[in-house]
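Listed below, chain by chain, are the residues.
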Amino acid sequence: MNARLARLALTIVAAAFSVEAQPAREPRLPNVAVLATGGTIAGTGATSTTTVGYKAATVGVDALIAAVPELGKVAHVSGEQVFQIASENMTPAHWLLLAARVNELLAREDVAGAVITHGTDTLEETAYFLDLVVKSTKPVVLVGAMRPATALSADGPMNLYNAVVLAASPDAAGRGVMVCLNDQINAARDVTKTDTSSLETFRAPELGLLGVIEGGRPVFYRASTRLHTGATEFDVRNLQELPKVGIVLAYAGSGRVGIDAMIAAGVRGIVHAGTGNGSLSIDAKAALVEARSKGIVVVRASRIPGGAVARNGEADDDALDFVVADNLSPQKARVLLTLALTRTADTREIQRMFWRY
Ligand code: SIN
């Protein structure tokens, strides 16, 4: 075992067995809850240079926290393992569980903010879901890492530190759910993973970041104008499950097979990730018209990373009774459509939601 792995192993053992290792409580510090869900930030590799082919979601929340003793100077941090998965296995059922726990914790007067450690692959979807359903103005920060905990220059510890700094900051309140990696703060609605392996992967290419962590404090440059958290109409606190919504990607020759599969699977909504400005092939249009005639809500999105889909542009949405996704990516449009369907099946109302959130 090399020195780095040995150190991590010691940290894990220390976290499991030592209460004395915790720094003395500083009464004036805020309480921040760290909810761990897995991902690379909790991943381990065979060697310190393993940055591909490692195992995600293996280190527990106590060890993640214990590996950053500096957290004790910023907040009283308590850890909770909500689940331990690689984020490609995240499902709407996990979103509901997580949202319930975040809402419970933030309703407590003694909790100042929440940090959620998460795999980076679907982090943006969970972040946007929480942005739409958390009923609190207290800071909620999603954080992950691109390198496993055992790697040379692992980014997880600093990312976790920055996330706790952000969640503990009164300045971060009321800004919606935020994503904080690589010293950058982004809005849950706008951010997307842009690079498979770079540390600077979470970006909002068109709209820009909200701010940065600089010298151990958050500095904000802009605010999102879209409604979020307590200002939304979505409340999932009493829901046991969410409506089934699928995404179909258009490509040259894609035909209607994906759309037919969605109809057969019994979805209540389809997000069509169309070409260009959300354009529809002849086959896709016919299949989507059929889907709509069966009551399925159709949202036209685009597979292009930038720009909005124009209503009544590439398709006559008024006549077809379709909805357009504005500038939401297909995966974010799916999150919003899922929540919209918890409220209504009226496409005018759903279009209003796409303009608003
Ligand atoms: C995951 O999303 O769980 C794996 C990849 C990562 O966290 O970077």
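In what follows, the structure referred to is the one given above.
Residues numbered from 1 in each chain as written. Predicted model: local features only at pLDDT ≥ 70, side-chain atom pairs only at ≥ 80, totals over all residues. Heavy atoms only, no water.

### Points about the layout of surface pockets
In step 1: Space inside the second largest pocket adds up to approximately 420 Å³.
In step 2: If you go around the second largest pocket, you meet 22 residues; those closest to its centre are Thr 192, Pro 305, Gly 306, Asn 327 and Ser 329.
In step 3: Of all the elements, helix α9 (residues 330–340) adds the most residues to the lining of the second largest pocket, at three residues.
In step 4: When the residues that make up the lining of the second largest pocket are grouped by side-chain class, the tally is nine nonpolar, seven polar and six charged. (1 Å grid on protein atoms, 1.4 Å probe; cavity = no way out; pocket = protein on both sides within 12 Å on 5 of 7 lines; lining within 4 Å. Points joined across faces, edges and corners; volume = space filled by probe spheres on them. Helix = DSSP H or I, 4+ residues; strand = E, 2+ residues; numbered from the N terminus. Nonpolar A, V, L, I, M, F, W, Y, C, P; charged D, E, K, R; others polar.)

### Describing the sheet that holds strand β14 (residues 323–324)
In step 1: Spatially, the four strands line up as an open sheet ordered β11-β12-β13-β14, and their pairing is parallel. Of all the strands in the sheet, the pair left with one neighbour each is β11 (245–249) and β14.
In step 2: Direction of pairing for β11 relative to strand β12 (residues 269–274): parallel, over a ladder of five bridges. Looking across to β12, one finds that Val 248 is bridged to His 272. (Pairing = 2+ DSSP bridges.)

### Some thoughts on the nonpolar core
Proteins that are soluble and globular tend to have nonpolar side chains buried together.
In step 1: If you look at the biggest cluster of nonpolar residues, it comprises 53 residues, and the most contacted ones within it are Phe 129, Leu 130, Leu 132, Leu 337 and Phe 354.
In step 2: Among all residues touching Leu 132, those that are not within four sequence positions of it are Leu 227, Thr 229, Thr 232, Phe 234, Val 335, Leu 336, Leu 339 and Tyr 357.
In step 3: The next biggest cluster of nonpolar side chains, apart from the first, holds 33 residues, and it includes Leu 71, Ala 75, Val 143 and Ile 185. (Core = buried A, V, L, I, M, F, W, Y, C linked by side-chain atoms within 4.5 Å. Buried < 20%, exposed > 50% of the residue type's maximum accessible area, 1.4 Å probe, protein only. Contact = heavy atoms within 4.5 Å.)

### What to know about unusual backbone geometry
In step 1: Of note, the phi angle at Asn 182 is positive, near 55°, even though the residue is not glycine.
In step 2: Along the chain, Asn 182 falls in the loop between β5 (178–181) and β6 (184–187).
In step 3: Overall, Asn 182 belongs to the partly exposed group, its relative accessible area being 27%.
In step 4: Residues other than glycine seldom take positive phi values, yet Asn 312 does so here, at roughly 60°.
In step 5: Structurally, Asn 312 is set in the loop between β13 (297–302) and α8 (317–320).

### Regarding the site of the ligand
In step 1: Around the ligand, the neighbouring residues are Gly 39, Thr 40, Ala 86, Ser 87, Glu 88, Gly 119, Thr 120, Asp 121 and Ala 145.
In step 2: In the model, an oxygen atom of the ligand is placed 2.6 Å from a nitrogen or oxygen of the Ser 87 side chain.
In step 3: Contacts to the ligand include Asp 121, whose backbone N or O atom sits 3.0 Å from an oxygen atom.
In step 4: The fraction of the free accessible surface of the ligand (250 Å²) that becomes covered by protein chains is 93%.
In step 5: Residues that form the shell around the ligand fall into these classes: two nonpolar, five polar and two charged. (Near = heavy atom within 4 Å. Polar contact = N/O pair within 3.5 Å; in protein donor to acceptor, adjacent residues only side chain to side chain. Areas by Shrake-Rupley, 256 points an atom, 1.4 Å probe, with all protein chains shown as cover.)

### Some details on empty space enclosed by the protein
In step 1: Overall, the coordinates contain two cavities of 30 Å³ or more when judged by the stated rule.
In step 2: Taken as a whole, the largest cavity encloses approximately 50 Å³ of empty space.
In step 3: Asp 131, Arg 175, Val 177, Ala 187, Ala 188, Arg 189, Ser 224, Arg 226, Leu 227, His 228 and Tyr 357 together form the lining of the largest cavity.
In step 4: A breakdown of the residues in the lining of the largest cavity according to their chemical character gives five nonpolar, two polar and four charged.

### Structural notes on the pattern of salt bridges
In step 1: Tallied over the full model, the rule gives 16 salt bridges.
In step 2: Between Glu 233 and Arg 352 there is a salt bridge; the shortest N-O distance is 2.8 Å. Linking Glu 233 in the loop between β10 (217–220) and β11 with Arg 352 in helix α10 (residues 347–356), this pair joins segments that are 119 residues apart in sequence.
In step 3: Classification of Arg 352 as partly exposed rests on a relative accessible area of 23%.
In step 4: Among the ionic pairs, Asp 318 bridges to Arg 311, the shortest N-O distance being 2.9 Å.
In step 5: Accessibility expressed as a relative area gives 28% for Arg 311, which makes it partly exposed. (Salt bridge = Lys/Arg side-chain N within 4 Å of Asp/Glu carboxyl O.)

In short, geometric facts, not functional conclusions.
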